[in-house]
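# Chain and residue survey
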Amino acid sequence: MREFDYRRADDVTGAVALLDADPDARYLGGGTNLVDLMKNGVEAPARLVDVRSLPLDRIETGDDGSVRVGATVTNSDLAAHPLIRDRYPALTQAVLAGASGQLRNMATVGGNLLQRTRCGYFTDITRPCNKREPGSGCPAVEGEHHNHAVLGASGHCVAVHPSDMGVALTAFDAVVSWRTAEGAGEAPLTDFYLPVGDTPHRETVLPPGALITHVTLPPARVAARSRYRKVRERASYAFAIGSVAAALEVDDGVVRDARLALGAVASRPWRARLAERVLVGAPATAEYFTAAADAELAAARPLPHNGYKVTLLRNLVVAVLTELAEETSR
């Protein structure tokens, strides 16, 4: 591991100033992803700026009924908070589906959204990777890709985003806010992650040196009837091979509102807007749930060894929506 400087920030302005003064520095939250990447040689920052002591560890309600989550709130605290459990249960379920209890106690909300892909070619510095070294190639296209993207990928990168939390936040129209030396900025999570295209090394819209300060969940009545379901290759904690965050409002057998996002299918949490349009105004039946899933997955372009994901996601969407519809009708 490369020798590095360590600083502990006292306030947001000071933290941003430290990054502004040294473009080769990185913010350190829980360190559950960054430190691993430093050990592997993928990341080699000259300085770590510890932001865990900043006053960004609160979960608060806004005057409009929104919920504001500070960037240094731990995953464990987020999952356990009464506001989240009551208003956005799928978010609690998504957080609890990720990692182990020990990791959730350390990992932060901001860090979770910025975690890097777990693609084996990305984390192995002896292999080429366009995300790590632009222009070097993507060996996963012809190599090991059984858990790689089926939506929104390109020939330059087929890796998937590993966050469970991000899938639920995407379904609920969360907005990410940040600070830089020039001022504040924000973006909906659906726009926060950049399309892969031919620049997979550019992952988010964050300006250089930006510090995520909080994530805002707008009020959404439908979110109280929500669920997160994750499929993984082993019962102990593991990254998803497919996941769904869904919310459904049904009145007199007809879908009045629907939110749907998919995980482990693309370089970012995938908001299933085509499926939502099929669902709203349609009968809450398995037939229409299947039609919605098929509409979204029609754009899937699986690789030779990950086509199973299309069937898996189709069945998962139908199963979760059916459970929510049955729960709503009770």
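Predicted, not measured: the structure shown is a model, and the values here were computed from it.

As a further point, take helix α13 (residues 308–328). The end-to-end C-alpha separation of α13 is 30 Å, in line with the 30 Å expected for 21 residues at 1.5 Å each. Within the sequence span of α13, burial applies to Lys309, Leu312, Leu313, Leu316, Val317, Val318, Val320, Leu321, Leu324, Ala325 and Thr328. Structurally, α13 contributes buried residues whose contacts are with β9 (226–231), β10 (242–251), β11 (254–263), α11 (273–279) and α12 (286–297).

Let's shift gears to the sheet that holds strand β8 (residues 211–217). Across a sheet, paired strands are connected by hydrogen bonds in the backbone, their directions being either parallel or antiparallel. If you walk across this open sheet you meet the 5 strands as β4-β5-β8-β6-β7, and the pairing is antiparallel. Of all the strands in the sheet, the pair left with one neighbour each is β4 (59–61) and β7 (183–188). Going across the sheet, the axis of each strand differs from the next one's by a mean of 25°, ignoring polarity. Sheet analysis places β4 next to strand β5 (residues 67–70), joined by 3 bridges and oriented antiparallel. Counterpart to Thr61 in the pairing with β5 is Val67.

Attention now goes to unusual backbone geometry. Even without being a glycine, Asp252 presents a positive backbone phi close to 55°. Within the element layout of this structure, Asp252 appears in the loop between β10 and β11. Of note, the phi angle at Ala264 is positive, near 65°, even though the residue is not glycine. By secondary structure assignment, the location of Ala264 is in the loop between β11 and β12 (270–271). Residue Ala264 is classed as buried on the basis of its relative accessible area, which comes to 9%.

This paragraph deals with the pairing of β5. In this structure, the hairpin formed by β4 and β5 is closed by a connection of 5 residues, where Gly65 is found at a positive phi of approximately 90°. Taken together, the 4 bridges between β5 and β8 define a ladder with antiparallel strand orientation. Across the sheet, the residue bridging to Val67 is Leu217, located in β8.

With that settled, the discussion passes to the packing of aromatic side chains. Under the criterion given, the structure shown has 3 aromatic pairs. On the numbers, 5.6 Å between centres and 50° between planes, the contact of Tyr88 with Phe172 is tilted. Of this pair, Tyr88 sits in the loop between α4 (82–87) and α5 (89–96) while Phe172 sits in the loop between α9 (165–171) and β6 (175–180), and the two are 84 residues apart along the sequence. Each member of the pair Tyr88 and Phe172 is classed as buried. On the numbers, 5.1 Å between centres and 80° between planes, the contact of Phe192 with Tyr193 is edge-to-face. Of the two residues, Phe192 and Tyr193, neither departs from the other in class, the shared state being buried. Site record: aromatic cluster; members linked through ring pairs are Trp178, Phe192 and Tyr193.

Once that is clear, we can look at the UniProt feature "domain: FAD-binding PCMH-type" (unreviewed entry) in the chain. UniProt annotation of "domain: FAD-binding PCMH-type" (unreviewed entry) refers to residues 1–222 when read in the numbering used here. What you have in residues 1–222 is 28% helix and 17% strand, and the ends, taken at the C-alpha atoms, are 47 Å apart.

Rules used throughout
- Residues numbered from 1 in each chain as written.
- Predicted model: local features only at pLDDT ≥ 70, side-chain atom pairs only at ≥ 80, totals over all residues.
- Heavy atoms only, no water.
- Helix = DSSP H or I, 4+ residues; strand = E, 2+ residues; numbered from the N terminus.
- Expected span 1.5 Å × (residues − 1).
- Buried < 20%, exposed > 50% of the residue type's maximum accessible area, 1.4 Å probe, protein only.
- Contact = heavy atoms within 4.5 Å.
- Pairing = 2+ DSSP bridges.
- Axes fitted to C-alpha atoms, helices over the stretch in contact; angles between N-to-C directions.
- Phe/Tyr/Trp six-rings, centres within 6.5 Å; stacked < 30°, edge-to-face > 60°.
- UniProt positions renumbered as here; feature names shortened; annotations may be inferred.

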